[in-house]
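# Analysis of the macromolecular model
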Amino acid sequence: MQPNVQNILNGWQQSLILYRVTQSHSNDGLITNIEVPIIFKGVVQTLQPEKLQVKPEETRSSKWLQIHTKTSFTLKTNDIIEYNSKRYKVLDILDYSINGYYEYHAVEDF
């Protein structure tokens, strides 16, 4: 049996707001971004060191986030979220509800 770490998160969580970004197409063909706030308590931290990606067509550096929370979101992989004025694409959703928490991984979206 795995330990339930839900109570441990209480001392680490802070009030956070993420924005789920969706796009809407208007009748005139314009695309509008719609940002829906997700208010929750959780822990956001760096998932891994920022790494330089060198590809034939470009060079860029990516930032990764790891989010731990006791709250299950309606996020899906490939959703765009905004945190500290930067946009991130949700890559992984890990359901550890049996242990009292959920984990999300996201990479900076360009």
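Residues numbered from 1 in each chain as written. Predicted model: local features only at pLDDT ≥ 70, side-chain atom pairs only at ≥ 80, totals over all residues. Heavy atoms only, no water.

## A few points about the side chain of Arg-20
This is how the line gets drawn: Only DSSP runs of H or I reaching four residues or more are called helices, and only runs of E reaching two or more are called strands; each is numbered from the N terminus. Think of a polar contact as two N or O atoms within 3.5 Å of one another; within protein, one of them needs to be a possible hydrogen donor and the other a possible acceptor, and neighboring residues in sequence only count if both atoms come from side chains. Only heavy atoms enter the contact rule, under which two residues are in contact if any of them lie within 4.5 Å.
Summarising the element assignment, Arg-20 is placed in strand E1 (residues 14-25). A distance of 3.1 Å separates polar atoms of two side chains, one belonging to Arg-20 and the other to Asp-79. Contacts of Arg-20, omitting those with residues within four sequence positions, involve Ile-34, Glu-35, Val-36, Ile-38, Thr-74, Leu-75, Lys-76, Asp-79 and Ile-80.

## Some words on the pairing of strand E2 (residues 31-46)
Within a regular strand, side chains alternate between the sheet's two faces. Basically, it comes down to this: Strands are labelled as partners when DSSP assigns at least two bridges between them.
Here E1 pairs with E2 via twelve bridges, running antiparallel. Bridging across to E2, Arg-20 finds its partner in Val-36. The turn linking E1 back onto E2 is made up of five residues, and Gly-29 within it adopts a positive phi angle of 90°.

## Quick word on the packing of aromatic side chains
For the record, the criterion: Aromatic rings from Phe, Tyr and Trp, with only the six-membered ring used for Trp, were paired whenever their centres fell within 6.5 Å, and each pair was classed as stacked if the ring planes differed by under 30 degrees, edge-to-face if by over 60, and tilted otherwise. Under the scheme applied here, a residue whose accessible area is under 20% of the maximum for its type counts as buried, over 50% as exposed, and between as partly exposed, the area being computed with a 1.4 Å probe on protein chains only.
Applying the stated criterion across every chain yields a total of three aromatic pairs. Aromatic pair Phe-40 and Phe-73: ring centres 4.6 Å apart, planes at 80°, arrangement edge-to-face. A residue pair is termed long-range when its members are at least 10 positions apart, and Phe-40 in strand E2 and Phe-73 in the loop between strand E5 (64-69) and strand E6 (80-83) qualify at 33 residues. In this pair, the class of Phe-40 matches that of Phe-73, namely buried.

## What to know about the pattern of salt bridges
Should the charged atoms of two oppositely charged side chains come close, the side chains can pair. For clarity, the threshold we go by: By convention in these notes, a salt bridge is any Lys or Arg side-chain nitrogen within 4 Å of a carboxyl oxygen on Asp or Glu.
Using the criterion set out here, one finds three salt bridges in the structure. With a shortest N-O distance of 3.1 Å, Asp-79 and Arg-20 are connected by a salt bridge. With Asp-79 in the loop between E5 and E6 and Arg-20 in strand E1, this pair connects stretches of sequence that are 59 residues apart. Its relative accessible area of 12% is what places Asp-79 among the buried residues. Between Glu-35 and Arg-87 there is a salt bridge; the shortest N-O distance is 2.9 Å.

## Some remarks on the sheet that holds E2
Just so we agree on the cut-off: Lines are fitted to the C-alpha atoms to define the axes, a helix being fitted only along its stretch in contact, and any angle between axes, read from their N-to-C directions, falls within 0 to 180 degrees.
Taken together, the six strands give a closed barrel; going around it, the order is E1-E2-E5-E8-E7-E6, and neighbouring strands pair in antiparallel fashion. Direction aside, neighbouring strands of the sheet carry axes that sit 40° apart on average. Across six bridges, the pairing between E5 and strand E8 (residues 101-108) is antiparallel. Across the sheet, residue Leu-65 finds its bridge partner in E8, namely Ala-106.

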